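If you want the building blocks of each chain, they are given just below.
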Amino acid sequence: MGLLAVVALTIFYLGFNFLQGKEIFSSNNSYYTIYDNCQGLSASSPVLLNGMTVGRVKSLQILSDREHNVLVTFETQRDIKLTDATQARLISSSLLGGKAIALLIKEGNPLKNYDTVPGKIEQSLGDTVIEGTLPALKD
């Protein structure tokens, strides 16, 4: 009976972490990036390369000592090799405001596990529409 309880608790723990987007037996590379504002990005948001999911956002943390920027930790598959010229672009993944990180890999020196990738925020479709119509509304 005790063995059944241990097995049930282990399955519950692994299932709960899986639903949160955490991998227990991960063989992925982890990297950091910093954004001024990451509204819509959350833990387990996808990391994309050429439109394909190659990883997940692991965690987000506010850096109070750096003007409240956001430190994002993300994982990629082990065979994806990032360089020091790589950009982690924050993009809109849906019209409803969901965000994802799109990697733009360029030639350069290879990064090591837990290195920092420069982050860049791309304007969302909604922001583009508002920015384009706002001058017409003011007239």
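Parameters at a glance
- Residues numbered from 1 in each chain as written.
- Predicted model: local features only at pLDDT ≥ 70, side-chain atom pairs only at ≥ 80, totals over all residues.
- Heavy atoms only, no water.
- Pairing = 2+ DSSP bridges.
- Helix = DSSP H or I, 4+ residues; strand = E, 2+ residues; numbered from the N terminus.
- Axes fitted to C-alpha atoms, helices over the stretch in contact; angles between N-to-C directions.
- Buried < 20%, exposed > 50% of the residue type's maximum accessible area, 1.4 Å probe, protein only.
- Contact = heavy atoms within 4.5 Å.
- Phe/Tyr/Trp six-rings, centres within 6.5 Å; stacked < 30°, edge-to-face > 60°.

(A) Main features of the sheet that holds strand β1 (residues 29–35). Overall, mixed pairing links the seven strands, which are arranged β1-β4-β3-β2-β6-β5-β7 in an open sheet. Either end of the sheet is taken by a strand with one partner, and the two such strands are β1 and β7 (119–121). Mean inter-strand twist for the sheet, computed between neighbouring axes without regard to direction, equals 35°. Judged from the six bridges that link them, strand β5 (residues 87–92) and strand β6 (residues 99–104) form a sheet pairing that is antiparallel. Each bridged residue has a counterpart across the sheet, and for Gln87 the counterpart in β6 is Leu104.

(B) Quick peek at the environment of Ser30. Of note, Ser30 is situated in strand β1. Among the residues examined, Ser30 registers a relative accessible area of 2% and is labelled buried. In this structure Ser30 touches Lys58, Phe74, Glu75, Asn113, Tyr114 and Asp115, once residues within four positions along its chain are discounted.

(C) Up close: the packing of aromatic side chains. In total, this model carries two aromatic pairs according to the counting rule given. When the centroid spacing of 5.9 Å and the interplanar angle of 35° are considered together, the rings of Tyr31 and Phe74 count as tilted. Pair noted here: Tyr31 is in strand β1 and Phe74 is in strand β4 (residues 69–76), with a separation of 43 residues, a long-range link. You can call Phe74 buried: its relative accessible area is 0%. Ring geometry for Tyr32 versus Tyr114: centroids 5.9 Å apart, planes at 45°, classification tilted. Of this pair, Tyr32 sits in strand β1 while Tyr114 is found in the loop between β6 and β7, placing the two residues 82 residues apart along the sequence. On the basis of relative accessible area, Tyr32 is assigned to the partly exposed category, the value being 25%.

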